[in-house]
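The residues making up each chain are set out below.
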Amino acid sequence: MIELNEAHEYTKNKVRKPGVNEILNLYFPPNSFYTEMGKEIGKVRHQWYSFLSEGKEPNVEPDPRIAGEVQAFRKWLADVKPVRKGGETPIYDRDLHVCGTPDWYGEINGRMAVVDFKPQNKAKRTIIQTVAYKLNLISNGIIILDRYELRLSDGDYRFEQHTNPMDANNWRAMVYAFFASSFYR
């Protein structure tokens, strides 16, 4: 059983396990603008995206601070017509011993894909994040072929595919280095 607490720490069968973002923070420190309010609004964004991607329609309006992004997400759903299979559930990579919570996975153009939802600003870490989630899902028997970054802004979106085959090796190297350095702390 995988659990994720409010501090964004994972446990598997009550044993602490590192998460994808915890490892990425070692290599890509969080932006100085990453605040508690930012975390809170990010959580609300993801709740809206998850709800809408399940084909549900809420009977309330989104928080005005994210209304434009929710509109952009609806536009992405209409344009791309993705078929959701899962997301927003913590999972454990049995091969790398790392937990993660992919935002969304399912079919896009008939191919299994993982998608990470982001605000409009591009971040280099997202490329590694999508491969981490891809490998995590594969380790759980969900064969992911493609990975994408969906950046949402006020009423519009950018949808970019990540295709570099070296990303998987780079992620594995980051995980191994994380565990090696943890051994000496």
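Cut-offs and rules
Residues numbered from 1 in each chain as written. Predicted model: local features only at pLDDT ≥ 70, side-chain atom pairs only at ≥ 80, totals over all residues. Heavy atoms only, no water. Helix = DSSP H or I, 4+ residues; strand = E, 2+ residues; numbered from the N terminus. Rg over C-alpha atoms; globule rule 2.2 N^0.38 Å. Buried < 20%, exposed > 50% of the residue type's maximum accessible area, 1.4 Å probe, protein only. Contact = heavy atoms within 4.5 Å. Areas by Shrake-Rupley, 256 points an atom, 1.4 Å probe, with all protein chains shown as cover. Pairing = 2+ DSSP bridges. Axes fitted to C-alpha atoms, helices over the stretch in contact; angles between N-to-C directions. Core = buried A, V, L, I, M, F, W, Y, C linked by side-chain atoms within 4.5 Å. Expected span 1.5 Å × (residues − 1). Phe/Tyr/Trp six-rings, centres within 6.5 Å; stacked < 30°, edge-to-face > 60°.

**What to know about the overall build of the protein**
Argument step 1. The helix and strand tally for the protein stands at five helices and ten strands.
Argument step 2. Rg of the C-alpha trace for the protein: 16 Å, near the compact-globule value of 16 Å for 185 residues, within the 12% margin.
Argument step 3. Its C-alpha atoms put the protein at 50 × 35 × 30 Å along the principal axes.
Argument step 4. Burial analysis of the protein (185 residues in total) assigns 44% to the buried set.
Argument step 5. For the protein, long-range pairs separated by at least 24 residues make up 61% of all intrachain contacts whose partners lie at least 6 apart in sequence.
Argument step 6. Total accessible area computed for the protein in this model is approximately 10400 Å², and 53% of it derives from carbon and sulfur atoms.

**Here's the deal with the sheet that holds strand E9 (residues 146-152)**
Argument step 1. Ordered by their spatial adjacency, five strands build an open sheet running E4-E7-E8-E9-E10, and the pairing between neighbours is mixed. Pairing within the sheet leaves two strands with one partner each, and these edge strands are strand E4 (83-86) and strand E10 (157-162). The mean inter-strand angle of the sheet, taken between neighbouring strand axes irrespective of direction, is 35°.
Argument step 2. Along the sheet, helix H3 (residues 67-80) contacts strand E7 (104-108), strand E8 (111-119), E9 and E10; its crossing angle with E10, the most-contacted strand, is approximately 55°.
Argument step 3. Most of the contacts of helix H4 (residues 125-139) go to E8, to which it runs at about 140°, and overall it touches E7, E8, E9 and E10.

**Thoughts on the nonpolar core**
One recurring pattern in soluble globular proteins is that nonpolar side chains are buried together.
Argument step 1. By size, the foremost hydrophobic cluster in this structure holds 21 residues, and its most contacted members are Val 20, Val 98 and Trp 171.
Argument step 2. Sorting the residues of this core by element identifies helix H1 (20-27), E8, H4 and helix H5 (166-183) as the ones contributing at least two each.
Argument step 3. Looking at which element gives the most residues to this core, the answer is H4, with six residues.
Argument step 4. Residues contacting Val 20, with those up to four places away along its chain left out, are Val 98, Cys 99, Gly 100, Gln 129, Ala 132, Tyr 133 and Trp 171.

**Some words on the sheet that holds strand E1 (residues 2-4)**
Argument step 1. Pairing in this open sheet of three strands is antiparallel, and the strands run E1-E2-E3 from one edge to the other. In this open sheet, the two edge strands, each paired with only one partner strand, are E1 and strand E3 (15-17). Each adjacent strand pair in this sheet contributes to an overall mean axis angle of 35°, direction not counted.
Argument step 2. In terms of strand pairing, strand E2 (residues 10-12) meets E3 through three bridges, oriented antiparallel. Looking at E3, one finds that Tyr 10 is bridged to Lys 17.

**Things to note about H4**
Argument step 1. Taking 1.5 Å per residue as the helical rise, H4 with its 15 residues ought to reach 21 Å, and the 21 Å between its terminal C-alpha atoms agrees with that figure.
Argument step 2. Of all the 15 residues making up H4, 13 are buried; the element is thus mostly covered by neighbouring parts of the structure.
Argument step 3. Gly 141 sits one or two residues past H4 and shows a positive phi near 85°.

**Notes on the packing of aromatic side chains**
Argument step 1. Evaluation of the coordinates by the stated rule reveals nine aromatic pairs.
Argument step 2. Relative to Phe 117, the ring of Tyr 49 lies with its centre 5.4 Å away and its plane at 85°, an arrangement referred to as edge-to-face. Taken together, the residues Tyr 49 in helix H2 (residues 36-53) and Phe 117 in strand E8 connect sequence positions 68 residues apart. Of the two residues, Tyr 49 and Phe 117, neither departs from the other in class, the shared state being buried.

As far as function goes, none of this settles anything; it's purely spatial.
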